[in-house]
Amino acid sequence: HSYALKRAHAAAQRPAPPIGELEFAGRSYPFSRLAQDYLFRPLTTRLWNGRTTWVYEAAPNPEARARSREEKLLLHSAGEVWVDAEDQHVTHIQIHATSPVRYGFGLLAVVHEADLLLDLQRIAPGVWLPQTTAFHAQATVLMLDSITRAKEQQAYDYQTMEAARQRPLPRR
């Protein structure tokens, strides 16, 4: 219990990743990398939250090379990327692993399943911040231990820094 509280406190103290970036295990992945790492095919246009959204099918670019373990998993994943037509900003990413991902020839680990969901909300014109982030993975580690990990985070009630400064902090 105290370990979980310490981790939650440490997470709250960490600065948020820059706008336009995903963060995995402390490593940043900018949305601009999506253009090089994936091949896109237009699927449809839909109205989402009252806004015109372009939906693209995303498949890994066979020319892209991973620079980390996390990127290796991303580059073995496919799914959909939604883009707001007006702001031309990513608003939704939903991908899943298309095949097992092996680390150390499968001796260190094999990720059998993985899913990622990221939804962003428009705070102001051109400003999109995370609303929902969800990740699920099932893997075998050191050929013995089967593990399943899942995490979901919801973000809401964003405020400007000025509004946050004007609100008094609660007393303990």
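From a predicted model like this one, the values you see are computed outputs, not experimental measurements.

J.: Before we move on, could you go through a nonpolar patch on the surface and cite the residues and values that matter?
T.: Nonpolar side chains collect at one region of the surface, where Phe 105, Leu 107, Met 143 and Leu 144 lie side by side and expose about 580 Å² of accessible area between them. For Leu 144, the location among the structural elements is in the loop between strand E9 (127-141) and strand E10 (145-154).

J.: Describe the environment of Arg 46, and please don't skip the residues or the numbers.
T.: Note that Arg 46 resides in strand E3 (residues 38-48). In this structure, the C-alpha to C-alpha distance between Arg 46 and Ala 85, residues 39 residues apart in sequence, is 10.0 Å. The contacts of Arg 46, once residues within four sequence positions are left out, are Arg 51, Thr 52, Thr 53, Val 55, Glu 80 and Trp 82.

J.: An account of the nonpolar core is needed here, citing residue identities and associated values.
T.: Inside soluble globular proteins, nonpolar side chains tend to come together where they are buried. If you look at the biggest cluster of nonpolar residues, it comprises 18 residues, and the most contacted ones within it are Phe 31, Leu 34, Tyr 38, Val 90 and Ile 93. Of all the secondary structure elements, the ones that give two or more residues to this core are E3, strand E4 (51-60), strand E5 (77-84), strand E6 (89-97) and strand E8 (109-124). Those residues within four positions of Val 90 in sequence are excluded, and the remaining contacts are Phe 31, Leu 34, Val 81, Trp 82, Val 83 and Leu 120. Formed by 9 residues, the second largest nonpolar core is a distinct cluster that contains Leu 73, Ala 97, Val 101 and Val 111.

J.: A description of the packing of aromatic side chains should follow, citing residues and the corresponding values.
T.: As enumerated under the stated definition, the model contains 3 aromatic pairs in all. Here Tyr 38 and Phe 40 contribute two aromatic rings whose centre-to-centre distance is 6.4 Å and whose plane-to-plane angle is 45°, an arrangement assigned as tilted. Centre to centre, the rings of Phe 40 and Tyr 56 are 6.3 Å apart; their planes meet at 80°, and the pair counts as edge-to-face. Of the two residues, Phe 40 is situated in strand E3 and Tyr 56 in strand E4; the sequence distance between them amounts to 16 residues. We classify Tyr 56 as partly exposed; its relative accessible area is 23%. An aromatic cluster is defined as three or more aromatic residues linked by ring pairs; in this entry it consists of Tyr 38, Phe 40 and Tyr 56. Over the aromatic face of Tyr 103 sits the side chain of Lys 72, whose NZ or CZ is 5.0 Å from the ring centroid.

Calculation notes
Residues numbered from 1 in each chain as written. Predicted model: local features only at pLDDT ≥ 70, side-chain atom pairs only at ≥ 80, totals over all residues. Heavy atoms only, no water. Patch = residues over 30% accessible without salt bridge, like charges linked within 9 Å, V, L, I, M, F, W, Y side chains within 5 Å. Areas by Shrake-Rupley, 256 points an atom, 1.4 Å probe, with all protein chains shown as cover. Salt bridge = Lys/Arg side-chain N within 4 Å of Asp/Glu carboxyl O. Helix = DSSP H or I, 4+ residues; strand = E, 2+ residues; numbered from the N terminus. Contact = heavy atoms within 4.5 Å. Core = buried A, V, L, I, M, F, W, Y, C linked by side-chain atoms within 4.5 Å. Buried < 20%, exposed > 50% of the residue type's maximum accessible area, 1.4 Å probe, protein only. Phe/Tyr/Trp six-rings, centres within 6.5 Å; stacked < 30°, edge-to-face > 60°. Lys NZ or Arg CZ within 6 Å of the ring centre and 35° of its normal.

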